[in-house]
Amino acid sequence: MEEKEIIALLRHKRHDWMNQIQLLQGYASLGKQDRLLQQMEEVKEEAEEERKLLNSDADHFSLWLITFNWIHKTYRLKYFLTQQIDLSRHDQQLIAYATRMLEIMDDHIEKDELYECKLTIYVGAQETVGLSWEWEGPFHTSEALIEKLNNEGFIATIFERKELSVEMTME
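As a starting point, this report considers the structure included with it.

Analysis parameters
- Residues numbered from 1 in each chain as written.
- Predicted model: local features only at pLDDT ≥ 70, side-chain atom pairs only at ≥ 80, totals over all residues.
- Heavy atoms only, no water.
- Helix = DSSP H or I, 4+ residues; strand = E, 2+ residues; numbered from the N terminus.
- Expected span 1.5 Å × (residues − 1).
- Bend = angle between axes of the 7 residues up to and from the residue.
- Contact = heavy atoms within 4.5 Å.
- 1 Å grid on protein atoms, 1.4 Å probe; cavity = no way out; pocket = protein on both sides within 12 Å on 5 of 7 lines; lining within 4 Å.
- Points joined across faces, edges and corners; volume = space filled by probe spheres on them.
- Nonpolar A, V, L, I, M, F, W, Y, C, P; charged D, E, K, R; others polar.
- Axes fitted to C-alpha atoms, helices over the stretch in contact; angles between N-to-C directions.
- Pairing = 2+ DSSP bridges.
- Polar contact = N/O pair within 3.5 Å; in protein donor to acceptor, adjacent residues only side chain to side chain.

Moving on: helix α3 (residues 59-71). With 13 residues, α3 extends 17 Å between its outermost C-alpha atoms, agreeing within 8% with the 18 Å of an ideal straight helix rising 1.5 Å per residue. The largest bend in α3 amounts to roughly 30° and is located at Leu65. Against the buried residues of α3 lie α1 (3-29), α2 (33-54), β1 (75-81), α4 (91-106), β2 (115-123) and β3 (129-136).

To continue, consider the layout of surface pockets. Empty space among the atoms becomes apparent when a probe as large as a water molecule is rolled across them. Taken as a whole, the largest pocket spans an internal volume of roughly 850 Å³. As for the largest pocket, its lining consists of 26 residues, of which Gln20, Glu46, Asn69, Leu77 and Lys78 are closest to the centre. Within the residue set of the lining of the largest pocket, elements represented by two or more residues are α1, α2, α3, β1 and β2. Considered class by class, the residues forming the lining of the largest pocket number 10 nonpolar, six polar and 10 charged. Elements represented by at least two residues in the lining of the second largest pocket include exactly α1, α2 and α3. Ranked by residue count, the leading element in the lining of the second largest pocket is α3, at four residues. Of the residues in the lining of the second largest pocket, the class split is five nonpolar, one polar and three charged.

Looking now at the packing of α3 against α4. Running from N to C, α3 and α4 point in directions that differ by 35°, and their axes come no closer than 7 Å. Residues Asp59, His60, Phe61, Trp64 and Phe68 of α3 pack against Asp91, Gln92, Leu94, Ile95, Ala98, Thr99 and Leu102 of α4. For the contact of α3 with α4, a count of residues per class yields seven nonpolar, three polar and two charged.

The next subject is the side chain of Ser62. Inspection of the secondary structure assignment puts Ser62 in helix α3. Excluding its chain neighbours within four sequence positions, the residues that come into contact with Ser62 are Leu53, Leu54 and Ser56.

Strand order across the open sheet formed by five strands is β1-β2-β3-β5-β4, with mixed pairing between neighbours. The sheet terminates laterally at β1 and β4 (155-159), the two strands that pair on one side only. Direction aside, the axes of adjacent strands within the sheet are offset by 15° on average. Inspection of the sheet shows β4 paired to strand β5 (residues 163-170) by five bridges, in the antiparallel sense. What sits directly across from Ile155, in β5, is Glu167. The sheet strands contacting α3 are β1, β2 and β3, and the helix crosses β1 at an angle near 135°.

A word on the side chain of Ser165. Secondary-structure assignment places Ser165 in strand β5. Within polar-contact distance, the side chain of Ser165 engages the side chain of Glu134 at 3.0 Å. Discounting chain neighbours no more than four positions away, the residues touching Ser165 are Trp133, Glu134, Ile155, Ala156, Thr157 and Phe159.

Written as structure tokens, this is what we have:
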């Protein structure tokens with residue numbers, strides 16, 4: 001990563017932190033104690049997930065996830081690690097699979113919609129690494145989307161054309 005990329009990353013991260021601080025200040029100034037405490041808890045949880053991700057030893061995948069919302073305008077992603085996980089041996093493979101999933105999804109989404117995802121990263125049976133992507137948003141030609149994802153090795157299910165569940169595992 002070059003200096004300009006590092007500076008851009010730091011700018012984005014600073015911008016995110018400033019937004020969160022301003023939100024906290026707003027709740028405090030309005031006397032909304034319950035909302036302030038809830039937002040503080042969300043900030044704390046996000047920082048904890050980021051800590052677990054950065055300690056996963058998957059430098060490229062960590063950077064890919066941290067910058068995801070800045071790069072992808074159609075998608076919003078929140079990630080959770082169920083525990084501290086060593087992802088180092090899967091680093092490049094995780095990016096390749098995740099990028100391929102997005103490429104497939106791009107052909108089945110509405111261009112003016114925002115698709116939100118909750119990604120859970122966990123250790124599965126026999127020490128496999130599992131990723132569970134839960135997407136919300138309208139998907140057209142959902143049967144073709146499911147078929148394409150499943151043919152590429154993902155385990156995909158769609159509910160009412162607006163909730164897409166994609167599972168991937170790595171040994």
